[in-house]
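What follows is the residue order along each chain.
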Amino acid sequence: MSATTVKEPWVHVVKRDRMTVGKSALIHLAGVVLALIICALVIFMLTGLNPIDVYAGIWDGALGTSRRTWVTLRDSAILLCIGFAITPAFRMRFWNIGAEGQVLVGAMATAAVMIYGANWPSWALYTLMPIAGVLAGALWGLIPAVFKAKWNTNETLFTLMLNYVAMQAVTYAIIFWENPKGSNSVGLINMQSEAGWLPSIADNKYLLTIFVVLVIMVLLYGYMKYTKQGYEISVVGESENTARYAGINVKRVIIRTMALSGALAGVAGFLLVSGAGHTISTSVADGRGFTAIVVAWLGKLNPFAMLVVAFFLVFMQRGSIQIASQFGLNDSASEILTGIILFCVLGCEFFINYRLEFRHEEEAVKA
Amino acid sequence: MEKQPMIEMRGVTKRFGKVVANENVDLSVYPGEILSVLGENGSGKTTLMNMLSGIYFPDEGRIFINGKEVVIRSPKDAFVLGIGMIHQHFKLVDVLTAAENIILGLPGALTLDMKKVTADILALTKRYGFDIDLNRKIYEMSVSQKQTVEIVKMLYRGANILILDEPTAVLTPQETDKLFSVLRNMRDSGKSILIITHKLHEVLSLSDRVSVLRKGKYIGTVQTAEATEMSLTEMMVGKKVTLDIERPEPIGSEVRMEVKGVSCVNREGREVLHQVSFTAKSGEILGIAGIAGSGQKQLLEAIAGLQPVTAGSIIYFDEQNQQRELTKCSTAEIRMMGVRLSFVPEDRLGMGLVGAMGSTGNMMLRTYRSGSSVFTDRKTPRSMAEKIIKELEVVTPSVEAPVGRMSGGNVQKVLVGREIASSPRVLMVAYPVRGLDINSSYTIYHLLNEQKKSGASVLCVGEDLDVLLALCDRILVLSAGCVTGIVDGRTATKEEVGLLMTQGDRAHAKEETK
């Protein structure tokens, strides 16, 4: 029998043993290096620019000055907060893609308290703002959860559509709150008095936001890992049948967990209005509700991994603003680079789980 | 001159990561022969067959069909070579008829002459003695009819080599006989048949030769005529084992649970249990027999509070012999009442356990609620898990290793271990040894007997009638959701039980004419 008629496939995929942490880290590192090389080629071929300059521009845009560094850190924190918001829902396999809307209504409620409570004593203002944000977010999370629990509606579609409802609600609210009249925007709320603006700590107006998110991170980690409710969420997520078998009230867990998920998104909304923008518009969430899904998935719902991912995404995003102005590239340039890097890093997963086996040449010769 | 084998596998090896599923396996099948591939669960039978049918690709080794070396890269390649495999889970489209399923995906002219196709298929079925209604839709068929459709489908596509993966697991004794006679007809007309099984008496009654695998390794091939149950078991397990299941005399025998006229409907509103009544007594094992899907699952789930009951009542007698009504109680309520009821469900990883969690996390399914703290106590379940791992010899790297990665026998030990740890007064087990190797099976039988001796009332749903007849004190037979009889396990015969297993429809009909 000649080798030509035996058409063994040139390559086939073989499942690998579980890899050591060090080895998989090495593969990831190789992925990043490969990504940087591909990016360099792409940059050079498309624009003719020196890739090193472009990389330097990105670095400069994200971390070039102390202010830029703090903004990058604060934005990472807020993105991370939304990532944390969807974590319990995702752990329960409840596909909450409505964080965008939950953040928006949280932001809207916060803004409402800021506007109507401009002259309240500051303790009342600062207590009511987060409460309003959290309650509004929780309510927005509860609606799809109740429908899911009672009538088994599709939560993906439901949460997605509620995003648009939230957007329209904000548009409607702006009509009442627009300042100055006819501008169709709210402008900076309480610009003079700065009432309801998140205070600075140690002369740093970004620190409090970052601190709040870190506290949430620790609490959420403890909640998911060490409490009975956290355990119930894991069981429901792994198998609803097992949960029922163990006597867990699945409906109650779904409703409770989505309220928590929405509430955390509400916190992000509060931070965006009170801590960052001091205004409200339909773009206040700016797609973060969807980016947070990327954060949660890439981080495999592990808070520490999510921190790295959130920072990376914001880093690239902030860098893109810089290279846009410095080299006249548009925002999409940095998105291409982000895409290439993510592709390479995610591609590593394949090589961690599988290895390729090539046709044994010597055997073919023998045959 | 020696006959040329239809299929020959030489030195075939397949690895999944560290696990070697098949190591250097040789196998040959001749035309007009039935070859049994025998081995315990996890010995690599299905993997080996999947390499013939193009689902897996071997890492090493060569395959010859009619003396010619071939490479099977996909199920399509296997089809071209005339290899057809009937999987345990049928691959049929429910809303199409038998005939439509049989021709589905075949190349042909633009227009479809269904009459000619049907005539062709009918000729085929007549030749081998199949009993099949080609115009019936798949969803209206019983499991055994669906299996027939699968076989006819393969034959119609010109398969000369038929691989059947545990074909009798879902059949009654009578249906099994029918299948075997069809397979013999096919053999006599020159086809090669490979049948994967771990039931020894089937091997002996059906096949011409037996190839035995153990832990992925090829042990040897023997002529069936020269083999006995004992010799085959020894090849399979690697040492002598006694095949007798002990059956201690029942003790105590007080009524522990009374089920009276229980009916249930499924989600589509069809009645799946019809006026089921029986009593379960302490210190005995009550077997529940029936064709798969006769309501066994619903019966156990109804008792466990997982399935709403539409009529009837379930009464439990507690330590003080007080009657406690469980009929409308949820699982959580039953636990809260202090009813010591344990349940080992059929779907171990989908219902009894959480595959992604470790042994500790799975112990917590029962214990996590204890205490008033909002935090979970992991210490108690952890020591419980350690105890079960030690006492039942569960093979696992650690108490935190996901149970989903364990072998079937170890998974079941964790589950049964957890359920008997609460010293139940009623223990319900569904298909407790399905997918387990012989040694693990005997461990489980032993555990059930231990529970019986300590006075628990054991309800055991089983599929292997030989085992039920050897293990149980009484056997309740379910058919189409009705109890068609309760027989004495010591005196009943397999034929008697087999007949009762198909009488449910008649019982239904009788009821309705009344």
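Residue positions are given per chain, counted from 1 along the sequence in the order it is written. Both sets of labels track the order of writing: A upward for chains, 1 upward for ligands. Residues qualify for local features only when their pLDDT is at least 70, as the model is predicted, and side-chain atom pairs are given and counted only at 80 or more; totals for whole chains, interfaces and linings, by contrast, use all residues. As a convention, hydrogens and water are excluded, and side-chain values are obtained from all of the structure's heavy atoms.

Chemist: Tell me about the nonpolar core, and name the residues and values.
Modeler: Counting 87 residues, the largest nonpolar core has Phe-84, Trp-177, Val-235, Ile-248, Ile-280 and Val-295 of chain A as the members making the most contacts within it. Elements are defined by DSSP. Helices are runs of H or I of four residues or more, strands are runs of E of two residues or more, and each kind is numbered from the N terminus. Here this core gets 12 residues from one element, more than from any other, and that element is helix α10 (residues 250-277) of chain A. Here, nonpolar core means buried Ala, Val, Leu, Ile, Met, Phe, Trp, Tyr and Cys residues that are tied together by side-chain atoms lying within 4.5 Å of each other. The classification of residues rests on relative accessible area computed with a 1.4 Å probe and restricted to protein chains. Under 20% of the type maximum is buried, over 50% is exposed, and intermediate values are partly exposed. Core analysis: the next-biggest nonpolar cluster, separate from the first, contains 79 residues, Leu-273, Ile-285, Val-429 and Leu-448 of chain B among them.

Chemist: Outline the environment of Thr-228 of chain B, listing residues and values.
Modeler: With respect to the helices and strands, Thr-228 of chain B occurs in the loop between β10 (217-223) and α8 (229-237). Along the primary structure Thr-228 of chain B and Val-71 of chain B are separated by 157 residues, whereas in three dimensions their C-alpha atoms are 36 Å apart.

Chemist: I'd like a rundown of the sheet that holds strand β17 (residues 426-430) of chain B, residues and numbers included.
Modeler: Residue and element names in this part refer to chain B. By this definition, two strands are paired if DSSP reports at least two bridges between them. Within the open sheet, the six strands sit side by side as β16-β17-β18-β13-β19-β20. Their pairing is mixed. Every other strand in the sheet has two partners, leaving β16 (341-344) and β20 (482-488) as the edge strands with one partner each. The sheet shows a mean angle of 15° between the axes of neighbouring strands, direction not considered. Pairing of β16 with β17, which is carried by four bridges, proceeds in the parallel orientation. Directly across from Val-344, in β17, lies its bridge partner Val-429. Note on definitions: a residue-residue contact is assigned when non-hydrogen atoms from the two residues lie within 4.5 Å. Here the axes come from fitting lines to C-alpha atoms, over the contacting stretch only for helices, and the angles between their N-to-C directions go from 0 to 180 degrees. Helix α14 (residues 408-421) rests against β16 and β17 of the sheet, and its axis sits at about 170° to β16.

Chemist: Can you break down the sheet that holds strand β15 (residues 323-325) of chain B residue by residue, with the values?
Modeler: Residue and element names in this part refer to chain B. Taken in spatial order, the four strands of this open sheet run β12-β11-β14-β15, and their pairing is antiparallel. Either end of the sheet is taken by a strand with one partner, and the two such strands are β12 (271-281) and β15. Strand-to-strand, the axes of this sheet are offset by a mean angle of 20°, without reference to chain direction. Sheet topology note: the strand β14 (residues 311-317)/β15 ladder contains three bridges and is antiparallel. For Tyr-316, the partnering residue across the bridge sits in β15 and is Arg-324. Strands in contact with helix α9 (residues 296-304) are β11 (255-265), β12 and β14; relative to β12, the strand with the most contacts, it is inclined by about 65°.

Chemist: Any chance you could break down α10 of chain A for me, citing the residues and the numbers?
Modeler: Residues and elements named next belong to chain A. The length a helix should cover is 1.5 Å for every residue beyond the first. The end-to-end C-alpha separation of α10 is 39 Å, in line with the 40 Å expected for 28 residues at 1.5 Å each. Values of bend correspond, residue by residue, to the angle between axes fitted over the seven residues ending at that residue and the seven starting there. The largest bend in α10 comes to about 30°, at Leu-271. Buried residues dominate α10, accounting for 21 of its 28 residues. Positive backbone phi, at 55°, marks His-278, one or two positions downstream of α10.

Chemist: Provide a residue-level description of the state of the cysteines, including the pertinent values.
Modeler: Residue and element names in this part refer to chain B. Whenever a pair of cysteine sulfur atoms sits within 2.5 Å, that pair is classed as a disulfide. Counted by the stated rule, this structure contains zero disulfides over all chains. In this model Cys-264 remains outside any disulfide bridge; the closest cysteine sulfur is found in Cys-482, 13 Å from its own. The structure places no disulfide on Cys-329, whose sulfur is separated from the nearest cysteine sulfur, that of Cys-264, by 14 Å.

Chemist: Give a detailed account of the side chain of Thr-360 of chain B, specifying residues and quantitative values.
Modeler: Looking at the element boundaries, Thr-360 of chain B is found in helix α12 (residues 359-367). Apart from residues no more than four positions distant in its own chain, Thr-360 of chain B is found in contact with Arg-378, Pro-381, Arg-382, Ala-385, Val-399 and Glu-400 of chain B.

Chemist: Give me unusual backbone geometry: which residues, what numbers.
Modeler: Residue and element names in this part refer to chain A. Between Asn-179 and Pro-180 the backbone carries a cis peptide bond, its omega angle lying at -5°. Position of Pro-180 relative to the elements: it lies in the loop between α6 (155-177) and α7 (207-226). Non-glycine residue Asp-203 carries a positive phi angle of around 65°. Tracing the chain through its elements places Asp-203 in the loop between α6 and α7. Despite not being glycine, Leu-301 shows a phi value in the positive range, around 65°. On the basis of relative accessible area, Leu-301 is assigned to the buried category, the value being 9%.

Chemist: With reference to specific residues and values, describe the interface of chain A and chain B.
Modeler: With 28 residues of chain A in contact, the opposing surface of chain B contributes 40 residues. Only one rule defines a salt bridge in this text: a Lys or Arg side-chain nitrogen within 4 Å of an Asp or Glu carboxyl oxygen. Scanning the region where chain A abuts chain B turns up zero salt bridges. Counting of polar contacts relies on pairs of N or O atoms within 3.5 Å, with two restrictions inside protein: one atom must be capable of donating a hydrogen and the other of accepting it, and residues adjacent in sequence are counted only when both atoms are side-chain atoms. In this assembly, chain A and chain B are joined by 19 residue pairs in polar contact (both at pLDDT 80 or more). Contributions of two or more residues to the side of chain A that touches chain B are made by β1 (11-15), α8 (228-238) and α9 (240-245) of chain A.

Chemist: Before we move on, can you summarise the packing of helix α2 (residues 51-63) of chain A against helix α3 (residues 66-91) of chain A with the specific residues and values?
Modeler: Residues and elements named next belong to chain A. Contact geometry of α2 with α3 gives a least axis separation of 6 Å together with a crossing angle of 80°. Between α2 and α3, the angle is such that the two are roughly perpendicular. On the side of α2, the interface is formed by Asp-60, Gly-61, Ala-62 and Leu-63, while α3 contributes Arg-68, Thr-69 and Thr-72. Classifying every residue of the contact of α2 with α3 by side-chain character gives two nonpolar, three polar and two charged. Any angle that falls under 35 degrees is termed roughly parallel, while one over 145 is termed roughly antiparallel, one within 65 to 115 roughly perpendicular, and all others oblique. Polarity classes work like this: nonpolar for Ala, Val, Leu, Ile, Met, Phe, Trp, Tyr, Cys and Pro, charged for Asp, Glu, Lys and Arg, and polar for all others, with Gly in that last group.

Chemist: So what's going on with helix α12 (residues 303-327) of chain A? Residues and values would help.
Modeler: All names here are of chain A. Across its 25 residues, α12 extends 35 Å between first and last C-alpha, which sits within 8% of the 36 Å expected from 1.5 Å per residue. Residue Asn-302 occupies the N-cap position of α12, its side-chain oxygen lying 2.8 Å from the main-chain nitrogen of Phe-304. Note on α12: the residue one or two positions beyond its end, Gly-328, has a positive phi of about 70°.

Chemist: Tell me about a nonpolar patch on the surface, and name the residues and values.
Modeler: Residue and element names in this part refer to chain A. Residues enter a patch when their relative accessible area is above 30% and they make no salt bridge; the linking distance is 9 Å between like charges and 5 Å between nonpolar side chains (Val, Leu, Ile, Met, Phe, Trp, Tyr). Areas reported as accessible are Shrake-Rupley estimates using a 1.4 Å probe. Residue values count occlusion only from the protein chains shown. Taken together, Trp-10, Val-13, Phe-350, Phe-351, Tyr-354, Leu-356 and Phe-358 make up a surface patch of nonpolar side chains, about 660 Å² in accessible area. In terms of residue count, strand β2 (residues 354-358) provides more of the nonpolar patch than any other element does, three residues in total. Mapped onto the elements, Tyr-354 comes out in strand β2.

Chemist: Talk me through the side chain of Glu-155 of chain A; I want residue IDs and the actual numbers.
Modeler: Residue and element names in this part refer to chain A. Along the chain, Glu-155 falls in helix α6. For Glu-155, a relative accessible area of 6% translates into the label buried. A distance of 3.0 Å separates the side chain of Glu-155 from the backbone nitrogen of Trp-95, its partner in a polar contact. Setting aside chain neighbours within four positions, we find Glu-155 in contact with Arg-93, Phe-94, Trp-95 and Lys-148.

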